[in-house]
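# Notes for the structure review
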Amino acid sequence: YVPGFNNLSLEQKELVYYLSMAALEGRDILFDQNNKYNLAIRRTLEAIYENYKGDKNSDDYKAFEVYLKRVWFSNGIHHHYGEEKFLPAFSQAFFTEQVKALPANIVPAKEAQSVDDCLKMIVPVMFDAGVMAKKVNQAQGQDLIVTSANNYYGDGITQKEVVDFY
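Below: a short report on this structure. Owing to the predicted nature of the structure, the values given are computational and were not obtained by experimental measurement.

Calculation criteria
- Residues numbered from 1 in each chain as written.
- Predicted model: local features only at pLDDT ≥ 70, side-chain atom pairs only at ≥ 80, totals over all residues.
- Heavy atoms only, no water.
- Helix = DSSP H or I, 4+ residues; strand = E, 2+ residues; numbered from the N terminus.
- Buried < 20%, exposed > 50% of the residue type's maximum accessible area, 1.4 Å probe, protein only.
- Contact = heavy atoms within 4.5 Å.
- Areas by Shrake-Rupley, 256 points an atom, 1.4 Å probe, with all protein chains shown as cover.
- Lys, Arg positive; Asp, Glu negative; His and termini not counted.
- Charge placed at Lys NZ, Arg CZ, Asp CG, Glu CD.
- Axes fitted to C-alpha atoms, helices over the stretch in contact; angles between N-to-C directions.
- Parallel < 35°, antiparallel > 145°, perpendicular 65-115°, else oblique.
- Nonpolar A, V, L, I, M, F, W, Y, C, P; charged D, E, K, R; others polar.
- 1 Å grid on protein atoms, 1.4 Å probe; cavity = no way out; pocket = protein on both sides within 12 Å on 5 of 7 lines; lining within 4 Å.
- Points joined across faces, edges and corners; volume = space filled by probe spheres on them.
- Core = buried A, V, L, I, M, F, W, Y, C linked by side-chain atoms within 4.5 Å.
- Patch = residues over 30% accessible without salt bridge, like charges linked within 9 Å, V, L, I, M, F, W, Y side chains within 5 Å.
- Salt bridge = Lys/Arg side-chain N within 4 Å of Asp/Glu carboxyl O.

This part takes up the overall build of the protein. A count of helices and strands for the protein gives six helices and zero strands. Reading the protein from its N end, one meets helices and strands in the order α-α-α-α-α-α. Taking all 166 residues of the protein together, the buried fraction comes to 31%. The long-range fraction of contacts in the protein, counting pairs at least 24 apart against all pairs at least 6 apart in sequence, stands at 55%. Of the accessible surface of the protein, which amounts to about 10500 Å², a share of 54% is contributed by carbon and sulfur atoms. Side-chain charges of the protein comprise 17 positive and 22 negative groups, with the mean position of each set lying 3 Å from the other.

So, about the packing of helix 1 (residues 10–34) against helix 2 (residues 38–51). Close contact between helix 1 and helix 2 brings their axes to 7 Å; oriented N to C, the two are set at 120 degrees. Taken as axis vectors, helix 1 and helix 2 run oblique relative to one another. Touching R27, D28, F31, D32 and N34 of helix 1 are N38, L39, R42, R43 and E46, all from helix 2. In the contact of helix 1 with helix 2, the residues fall into two nonpolar, two polar and six charged.

Size it by volume and the largest pocket reaches roughly 270 Å³. A breakdown of the residues in the lining of the largest pocket according to their chemical character gives seven nonpolar, six polar and two charged.

Okay, the nonpolar core next. Core analysis: the largest hydrophobic core is formed by 31 residues, its most contacted members being I41, L45, Y67, F90, F95, I122 and M126. If you list the elements that add at least two residues to this core, you get helix 2, helix 3 (59–74), helix 4 (92–101) and helix 5 (115–127). The leading source of residues in this core is helix 5, at eight residues. Each residue touching I122, except ones within four places of it in the same chain, is listed here: A40, I41, T44 and F95.

Turning to a nonpolar patch on the surface, a few remarks are in order. On the surface, Y17, Y18, M21 and L24 cluster together into a nonpolar patch covering about 430 Å² of accessible area. By the secondary structure assignment, Y17 is in helix 1.

A positive phi is found at N75, a non-glycine position, where the angle reads about 55 degrees. Along the chain, N75 falls in the loop between helix 3 and helix 4. Exposure remark for N75: the relative accessible area of 22% places this residue in the partly exposed category. Phi at A112 takes a positive value of approximately 65 degrees, unusual for a residue other than glycine. Structurally, the position occupied by A112 is in the loop between helix 4 and helix 5. A residue is classified by how much of its surface remains accessible, and A112, at 84% relative accessible area, is exposed.

And the structure:
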């Protein structure tokens, strides 16, 4: 409920509608900028959350809920302050089983990508501490573009190329 909404003119109501739609799209843009796999991971987690049929008191499910909330809060799989990746406390087997239990049409696989291919793409990103470990790496002596997990530059772009461009 929005107090005073009914007192707005039609044009003002329309503006509120379009601003709220832009905010929703902006959320996805932020997720995508933070990591190129964030949207696929978030949408997969949300599909599991919405369709889960198992024991919601199990340790794996409780850990799953915590992880999903962290992803929501941090706009992705990296901590919003420290920028290090946080790992799921639920098992990879639990995750894989839940994804495979979903109807194939709601798994956010890319076009012409199978559920198994989707899992091969996102499981290492979620569960391997060495894959995309920092959203923004600022360590001296390392290529800051190549070693950062954010999605501001295309694949294969190096720090030297960025510096030379600017």
